[in-house]
Amino acid sequence: MLELKNITKKFGERTILDNLNLEIPDGQILAIVGPSGAGKTTLLRCLSGLETPEQGSFLLNGQPFDPAAPANAEQIIGVVFQDYQLFPNLTVLQNITLAPKLVLKQKEKAAEKQAERLLQQLDLAGKEQLYPYQLSGGQQQRVAIVRALAMEPQVLCYDEPTSALDPALREKVGQIILSLKNEKMTQVIVTHDMDFAKQTADKVFTVNALDALGGDSV
Amino acid sequence: MTYIEQIAPSLLAGAWMSIKIFLWTLIASIPLGVLVSLGLLSKFKPLRAILKFYVWVMRGTPLLLQLIFVFYGLPIIGIIFQRYDAALCAFIMNYTAYFAEIFRGGFQAIPEGQFESAKVLRLTKWQTLMHIVIPQVIKIVIPSIGNEVVNLVKDTSLVYVIGLGDLLRAGNVATARDVTLVPLVLVGVIYLAMTGVASYALRKVEQHYSKWR
Ligand SMILES: Nc1ncnc2c1ncn2[C@@H]1O[C@H](COP(=O)(O)OP(=O)(O)OP(=O)(O)O)[C@@H](O)[C@H]1O
Ligand SMILES: [Mg+2]
């Protein structure tokens, strides 16, 4: 269970997240939907440690944790960025195995084996030695998902996973998200796409443009 | 032909001196340039101010002046260098500043998202730098570094002014003694060969980094 308690985030005078409370049971999918500028990305950035909230706390299975604190293998939040942010200087395989090797201290062989299994699962077999620029946008996104999964995160977050995809790929990423749910992965999806949210998520948390993103949702 | 054979040893000895200055300057000032560029981008204001001042002075004054300053100027206040050490000192200080500016631009061209992506993967700052940022920076800066490297080959001739026995001096001595243009022409050919080798090596590095975009 992932819990966000009384999260408040301001940029200068502006309150973007106002005393926000959220709970996500293990293995469930939460979609955060709302118009542009509502603070969806900001919420995701707080959860992944890229922004520090002024106030509030995060709990994973009842244990408080600091998303910005360095590695603790039991408290990893994976992120798939809107623009994927693969490392252009590394091959697909290197993109995926770099952090497991350096951070989780996995052996090269073990890291590669796991990467290959995940690539297979996401329909990317044979792409190991390609560089990101040699992949289509949809393939790059799936590599980004594999890269996040290879860190064995407790929660996997997506920022606008469908925004750059055509309908067929949109369906495909939806299937991937659901197949990860079958493997008990807890997931958070930030999106504009209400239909996609309804199709994939267990719960949809809707935010309003004019209000700060706040209140309770359980 | 025999005349060329006769002056070849002194020209080659001079060329070797130029090459030594070239290589030591590169070996020292490229890593130092990376360090200074990181300082120029650091959040610690006093460090940034000092390094900015250093780069401003080094790039805004002639290398020739810096050479003369180190070798003829500093002894006045009791700091005495051998000719060769003075040359290396001035060259490294000067080229570090140029390389630092180039690397600073390179680091700034790396999208913030790359750092964030590394951060959520829990890579340390050092790991992010070594595995992700520096390779990308190198690719960006190779053309500008290339220009400076070719300039450096030619700039080594400035050590003439502090009486170091480099290639230019060897040629000039022979021309003055034997009243012929041959030594100076040969000196030109040797400089062309050296800039040619440097350009070739840089193209190889560039090719290595063209595997990805
Ligand atoms: N680093 C920052 N400094 C100042 N203001 C910021 C910063 N990041 C975001 N904001 C502001 O916070 C608000 C919420 O931004 P956020 O990116 O979270 O919105 P969003 O809901 O993800 O929008 P979109 O759907 O367009 O992606 C915006 O008004 C934005 O201008
Ligand atoms: Mg957003």
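Chain A carries the name Fe(3+)-transporting ATPase in an unreviewed UniProt entry, which gives Ligilactobacillus pobuzihii as its organism.

1. Focus on the overall build of chain A
Each helix and strand in chain A was counted, giving six helices and 10 strands. Scaling as 2.2 N^0.38, a compact globule of 218 residues should have a C-alpha radius of gyration of about 17 Å, and chain A matches this with 17 Å. For the C-alpha atoms alone, the extent of chain A along its principal axes is close to 45 × 40 × 35 Å. Sequence-distant contacts in chain A: of pairs separated by 6 or more residues, those separated by 24 or more amount to 69%. Total accessible area on chain A stands at roughly 9,600 Å², and carbon and sulfur atoms take up 47% of it. For chain A, the distance from the average site of its 21 positive side-chain charges to the average site of its 26 negative ones is 4 Å.

2. Regarding the overall build of chain B
Within chain B, the regular secondary structure consists of eight helices and zero strands. Its C-alpha atoms give chain B principal-axis dimensions of roughly 70 × 50 × 20 Å. Burial status across chain B gives 43% buried among its 213 residues. Look at the contacts in chain B between residues 6 or more apart in sequence, and 77% of them connect residues 24 or more apart. Element-wise, carbon and sulfur atoms account for 70% of the exposed surface of chain B, whose accessible area totals about 11,400 Å². The distance from the centre of the 19 positive side-chain charges to the centre of the 10 negative ones in chain B is 10 Å.

3. With respect to the pairing of strand E2 (residues 14-24) of chain A
Residues and elements named next belong to chain A. Bridge count for strand E1 (residues 2-11) against E2 is seven bridges, and the pairing is antiparallel. Its bridge partner being in E2, Ile7 is matched across the sheet by Leu20. From the end of E1 to the start of E2, which pair antiparallel, there are two residues, and Gly12 there has a positive phi angle of about 65°.

4. A look at the site of ligand 1
All names here are of chain A. Looking at ligand 1, there are 13 residues lining it, with Ser36, Gly37, Lys40, Thr41 and Thr42 nearest. One nitrogen or oxygen atom from the main chain of Ala38 is found 3.2 Å from an oxygen atom belonging to ligand 1. Between ligand 1 and Thr42, the relevant distance is 2.5 Å, taken from an oxygen atom to a side-chain nitrogen or oxygen of the residue. Across the complex, the protein chains shield 62% of the 630 Å² of accessible surface that ligand 1 would expose by itself.

5. Points about the pattern of salt bridges
One pass over the structure, following the stated rule, counts 11 salt bridges over all chains. One salt bridge connects A:Glu3 with A:Lys5, and the closest N-O pair in it is separated by 3.2 Å. The partly exposed category is assigned to A:Lys5, whose relative accessible area is 33%. With a closest N to O distance of 3.2 Å, A:Arg45 and A:Glu51 form a salt bridge. Taking relative accessible area as the criterion, A:Glu51 reaches 18% and is therefore assigned buried. In this structure, a network of salt bridges that share partners links the residues A:Lys9, A:Arg45, A:Glu51, A:Glu54 and B:Glu116.

6. A word on the packing of helix H1 (residues 2-40) of chain B against helix H4 (residues 83-108) of chain B
Residues and elements named next belong to chain B. In contact at an axis separation of 6 Å, H1 and H4 are set at 40° when each is read in the N-to-C sense. Classified by the interaxial angle, the pair formed by H1 and H4 is oblique. Handedness of the crossing formed by H1 with H4: right-handed. Tallied by class, residues from the contact of H1 with H4 come to 21 nonpolar, five polar and three charged.

7. Some remarks on the packing of aromatic side chains
Residues and elements named next belong to chain B. Evaluated as defined, the whole model comprises seven aromatic pairs over all chains. An aromatic cluster is defined as three or more aromatic residues linked by ring pairs; in this entry it consists of Phe91, Tyr95, Tyr98 and Phe99. Directly above the ring of Trp212 sits Lys139, whose terminal nitrogen or CZ lies 4.8 Å from the centroid.

8. Here's the deal with unusual backbone geometry
Phi is positive for A:Asn6, close to 50°, though the residue is something other than glycine. Assignment of secondary structure puts A:Asn6 in strand E1.

9. Remarks on the nonpolar core
Residue and element names in this part refer to chain B. If you look at the biggest cluster of nonpolar residues, it comprises 46 residues, and the most contacted ones within it are Ile21, Phe91 and Phe103. Broken down by secondary-structure element, the contributors of at least two residues to this core are H1, helix H3 (63-73), H4, helix H6 (125-155), helix H7 (167-178) and helix H8 (182-208). Ranked by residue count, the leading element in this core is H4, at 11 residues. Ignoring anything within four residues of it in the chain, the contact list for Phe103 reads Ile30, Gly33, Val34, Ser37, Val137, Val141 and Ile145.

Calculation rules
- Residues numbered from 1 in each chain as written.
- Chains lettered and ligands numbered in written order.
- Predicted model: local features only at pLDDT ≥ 70, side-chain atom pairs only at ≥ 80, totals over all residues.
- Heavy atoms only, no water.
- Helix = DSSP H or I, 4+ residues; strand = E, 2+ residues; numbered from the N terminus.
- Rg over C-alpha atoms; globule rule 2.2 N^0.38 Å.
- Contact = heavy atoms within 4.5 Å.
- Areas by Shrake-Rupley, 256 points an atom, 1.4 Å probe, with all protein chains shown as cover.
- Lys, Arg positive; Asp, Glu negative; His and termini not counted.
- Charge placed at Lys NZ, Arg CZ, Asp CG, Glu CD.
- Buried < 20%, exposed > 50% of the residue type's maximum accessible area, 1.4 Å probe, protein only.
- Pairing = 2+ DSSP bridges.
- Near = heavy atom within 4 Å.
- Polar contact = N/O pair within 3.5 Å; in protein donor to acceptor, adjacent residues only side chain to side chain.
- Salt bridge = Lys/Arg side-chain N within 4 Å of Asp/Glu carboxyl O.
- Axes fitted to C-alpha atoms, helices over the stretch in contact; angles between N-to-C directions.
- Parallel < 35°, antiparallel > 145°, perpendicular 65-115°, else oblique.
- Left-handed = near helix turned anticlockwise from the far one by under 90°.
- Nonpolar A, V, L, I, M, F, W, Y, C, P; charged D, E, K, R; others polar.
- Phe/Tyr/Trp six-rings, centres within 6.5 Å; stacked < 30°, edge-to-face > 60°.
- Lys NZ or Arg CZ within 6 Å of the ring centre and 35° of its normal.
- Core = buried A, V, L, I, M, F, W, Y, C linked by side-chain atoms within 4.5 Å.

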